[in-house]
Amino acid sequence: MNASTEVACLLKSFGNMAEQSLVGLEMAKADGLKVVGIYCIFAPVEIIRAAGALPVGLCGKRAEPIAAADGRLPPGSHG
Amino acid sequence: MERENSMSQDYRSMWETLGLDLEAHDALLGVLGDFYRDIYLSQKNRPEGMGYFDFVMSEVHGLRIRELLDEKAAGRKIIGSYCVFVPEEIVLAGNATLVGLCAGADFAMEEVEKILPRNTCALIKSTFGFKLGRVCPYLEAADMVVGENTCDGKKKAYESLGPLVSNLYIMDIPQVKSEKGKELLRTEYFHFKDAVEALTGVTIDAERLREGIHTVNAKRRALHRLAGLRAADPAPISGLDALLANQVSFYDNPTRFTDAVNKICDELEKRIAARQGVFSEKTPRVVISGCPMAVPSWKIPSIVETSGAVIVGEESCVGERGVRNLTDGSAQTLEALMDAIVDRYFKVDCAIFTPNPDRLAHIEEMVRTYKADGVIHYGLMFCQPYLMEAIPVERALEKKNIPCLRIDTDYGMEDVGQLKTRIEAFVELIK
Ligand code: SF4
Ligand code: SF4
């Protein structure tokens, strides 16, 4: 494998990162690990990991679910 | 007439000395005067005592500024504030005068939007507009301007206001009603006391502080009395006029203001005894809740009261949220009096606090006390704390069968037609 195909391969693995992470999460939970959701980089992941738990960022990254929040949050909210 | 001319001549040189932009300021006063005449002087059955407030408003940039400048000449300091968390008791104890600086009209918007993002609430934008347009004599007369870390909009905007004024003092405010939060407020209030002392050269002792507490409590009591009389049906005073009294409380000499409000209350008591009101009996009654309404943001109350309803209470910082709690002035030591001040202000249920259940409880209590038929929630667009809270508040009220109309607006007049339609429909509903 030359360097550029190696990079392409690596990059490909990022393509379905979300799905992979979900599988990883399920496995971790099945192994009895606790999963801690965080919304801000002020939540110290060091402490979460030191306690043997897994930190997961929960901030929305996609536009599709926004419609479901209509009526509960004012339009124009940052989040 | 001649006297009037020389008086306004006098004011012009006063405004010029303060560094106001005379031309822009003339335009502002012109608009304000027209607005006041159309909205206030056109009301029917007003209490005679409102004459005092008409006069204060007609002289809001004239005589009152002259008085403040006279106070300054006599060595007193003027402190400006943007929030009811700035304790007037401490300011008075330090031989200074507190004035509110929040503005309720758009001004110099083009300039403002070079400094602030477009989607900033109207209150913050107009405050900047009055500075950039150089039309606020209160701000220019202030020896110290207090900014507080309340909502994100204000706390970040103060970073941009800092370079525009020479005397900005920042006060941190907690966001959670915990022991730690209270400790923060306490630290900040002691720090503020030191800053006032440094500004005025006066050492604040227990006696001075007690006197300050006494003066501010008297003002609050007068406003409580006024609020209580509005429970009568027919309502003895319009919501517009009661709002004006609350608005003027941020500018006027506190003792004179207290007397004026008490005089109105004497008159209202007679009206109530004679079953006289500003509107007829059984007029639908509304409580307004939400963002503060600074002068001259009279848009919503004026629409409500020309749509067949009467406003019987304001759950707002220019209203009950600002004045409902008294400060216990019975303690002997300075330390204990300062603690009483902290206790009092820590109860203010502003939406910047999380969670903030007291506010909902207070709205419900006001609905009961003033026998309101519904609540209109007034939110300024882009005001995250109040717009966020508006939705759960509306849901909670509706669960209790209290109709609620949620309005998000700004200081512009573009939405007046649409608002009128919605408010009229709401009034029909609560009849
Ligand atoms: S609404 Fe909150 S931030 Fe605004 S004046 Fe009231 S307490 Fe201060
Ligand atoms: S109206 Fe809302 S956003 Fe504007 S200053 Fe007040 S709390 Fe902040």
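Residues numbered from 1 in each chain as written. Chains lettered and ligands numbered in written order. Predicted model: local features only at pLDDT ≥ 70, side-chain atom pairs only at ≥ 80, totals over all residues. Heavy atoms only, no water.

A. Structural view of the overall build of chain B. Counting its regular elements, chain B contains 19 helices and 8 strands. Taken over C-alpha atoms, the radius of gyration comes to 21 Å for chain B, in line with the 22 Å a tight globule of 431 residues would show. Looking at the 431 residues of chain B, the share that counts as buried comes to 58%. Look at the contacts in chain B between residues 6 or more apart in sequence, and 76% of them connect residues 24 or more apart. Of the side chains in chain B, 52 bear a positive and 65 a negative charge, and the two mean positions are spaced by 4 Å. (Helix = DSSP H or I, 4+ residues; strand = E, 2+ residues; numbered from the N terminus. Rg over C-alpha atoms; globule rule 2.2 N^0.38 Å. Buried < 20%, exposed > 50% of the residue type's maximum accessible area, 1.4 Å probe, protein only. Contact = heavy atoms within 4.5 Å. Lys, Arg positive; Asp, Glu negative; His and termini not counted. Charge placed at Lys NZ, Arg CZ, Asp CG, Glu CD.)

B. Representation of the sheet that holds strand 7 (residues 374–380) of chain B in the model. Residues and elements named next belong to chain B. In space, the 4 strands of this open sheet follow the order 6-5-7-8, with parallel pairing throughout. The two strands at the open ends of the sheet, each matched to only one other strand, are strand 6 (310–315) and strand 8 (404–409). For this sheet, the mean inter-axis angle between neighbouring strands, taken without regard to orientation, is 25 degrees. As judged from the 5 bridges shared by strand 5 (residues 285–290) and strand 6, these two strands associate in the parallel manner. (Pairing = 2+ DSSP bridges. Axes fitted to C-alpha atoms, helices over the stretch in contact; angles between N-to-C directions.)

C. Spatial organisation of the site of ligand 2. C121, I124, C151, K154, C291, L380 and C383 of chain B make up every residue found near ligand 2. There are two domains that each give the shell around ligand 2 at least three residues, and those are domain 1 (4–209) and domain 2 (230–326 + 350–430) of chain B. (Near = heavy atom within 4 Å. Domains from an automatic or database assignment.)

D. Spatial organisation of the packing of aromatic side chains. Residue and element names in this part refer to chain B. According to the stated counting rule, one finds 14 aromatic pairs over all chains in the structure shown. Ring geometry for F85 and F353: centres 5.9 Å apart, planes at 45 degrees, overall tilted. Taken as a pair, F85 in the loop between strand 1 (77–81) and helix 5 (88–93) and F353 in the loop between helix 16 (334–346) and helix 17 (357–369) lie far apart in primary sequence, 268 residues in all. Across the pair, F353 and F85 agree in class, each one buried. (Phe/Tyr/Trp six-rings, centres within 6.5 Å; stacked < 30°, edge-to-face > 60°.)

E. Quick look at the site of ligand 1. All names here are of chain B. Taken together, C83, V84, F85, T150, K154, P292, C317, R321, C350 and Y386 form the complete shell of residues around ligand 1. Here the residues of the shell around ligand 1 sort into 7 nonpolar, 1 polar and 2 charged. Looking at which domains feed residues into the shell around ligand 1, each of domain 1 (4–209) and domain 2 (230–326 + 350–430) supplies at least three. (Nonpolar A, V, L, I, M, F, W, Y, C, P; charged D, E, K, R; others polar.)

F. View of the pairing of strand 1 (residues 35–38) of chain A. Residues and elements named next belong to chain A. Note that strand 1 and strand 2 (residues 54–57) share 4 bridges and pair parallel. Of the residues in strand 2, the one forming a bridge with G37 is V56. Chirality of the crossover, the property in question, places the unit of strand 1, helix 3 (residues 45–50) and strand 2 among those that are right-handed. (Right-handed = clockwise from strand over helix to strand, strands pointing away.)

G. Region of interest: the interface of chain B and chain A. Listed by partner, the interface residues are 5 residues for chain B and 6 residues for chain A. Ranking the residues of chain B by area buried against chain A places M388, I391 and R395 of chain B at the top, with a combined share of 64%. At the boundary of chain B with chain A, the tally comes to 0 salt bridges. If you look at where chain B meets chain A, you find 1 residue pair in polar contact (both at pLDDT 80 or more). In terms of residue class, the side of chain B that touches chain A is made up of 3 nonpolar, 1 polar and 1 charged. (Buried area = accessible area lost by both parts, 1.4 Å probe. Salt bridge = Lys/Arg side-chain N within 4 Å of Asp/Glu carboxyl O. Polar contact = N/O pair within 3.5 Å; in protein donor to acceptor, adjacent residues only side chain to side chain.)

H. Looking closely at the pairing of strand 4 (residues 168–172) of chain B. Of the two faces of strand 4 of chain B, the one lined by Y169 and M171 of chain B is fully buried and the one lined by L168, I170 and D172 of chain B carries no buried residue. The handedness of the strand 3 (residues 144–149) of chain B to strand 4 of chain B crossover, carried by helix 9 (residues 152–161) of chain B, is right-handed.

I. Up close: the environment of I363 of chain B. Residue and element names in this part refer to chain B. Here I363 shows up in helix 17. On the basis of relative accessibility, which here comes to 0%, the residue I363 falls in the buried class. With 34 residues separating them along the chain, I363 and L397 place their C-alpha atoms 8.8 Å apart.

J. Highlighting helix 2 (residues 17–30) of chain A. Compared with an ideal rise of 1.5 Å per residue, which puts 14 residues at 20 Å, helix 2 of chain A spans 20 Å between its outermost C-alpha atoms and is within 8% of the ideal. With its phi angle positive at about 90 degrees, G32 of chain A sits one or two positions after the end of helix 2 of chain A. (Expected span 1.5 Å × (residues − 1).)

K. Local environment of the pattern of salt bridges. All names here are of chain B. Summed over all chains, the structure comprises 38 salt bridges over all chains. In this structure, E148 and K154 form a salt bridge, with 3.3 Å as the shortest nitrogen-oxygen distance. Assigned by exposure class, E148 and K154 land together as buried. One salt bridge in this structure joins D410 and K299, with 3.9 Å as the shortest N-O distance. Note that D410 is positioned in the loop between strand 8 and helix 19 (416–430) and K299 in helix 14 (residues 299–305), a separation of 111 residues in sequence.

L. Quick look at the packing of helix 2 (residues 22–41) of chain B against helix 12 (residues 239–248) of chain B. All names here are of chain B. Two numbers describe how helix 2 lies on helix 12: the axes approach to 10 Å, and their chain directions differ by 130 degrees. Judged by the inter-axis angle, helix 2 sits oblique to helix 12. Residues Y36, I39 and Y40 of helix 2 touch helix 12, and the partners they reach there are L240, D241, L244 and Q247. Of the residues belonging to the contact of helix 2 with helix 12, the class tally is 5 nonpolar, 1 polar and 1 charged. (Parallel < 35°, antiparallel > 145°, perpendicular 65-115°, else oblique.)

M. Structural context of the confidence of the model for chain B. When pLDDT is averaged along chain B, the result is 96, and 98% of the positions lie at 70 or above. Reported for the predicted complex are a pTM of 0.94 and an ipTM of 0.77. (pLDDT = per-residue confidence, 0-100.)

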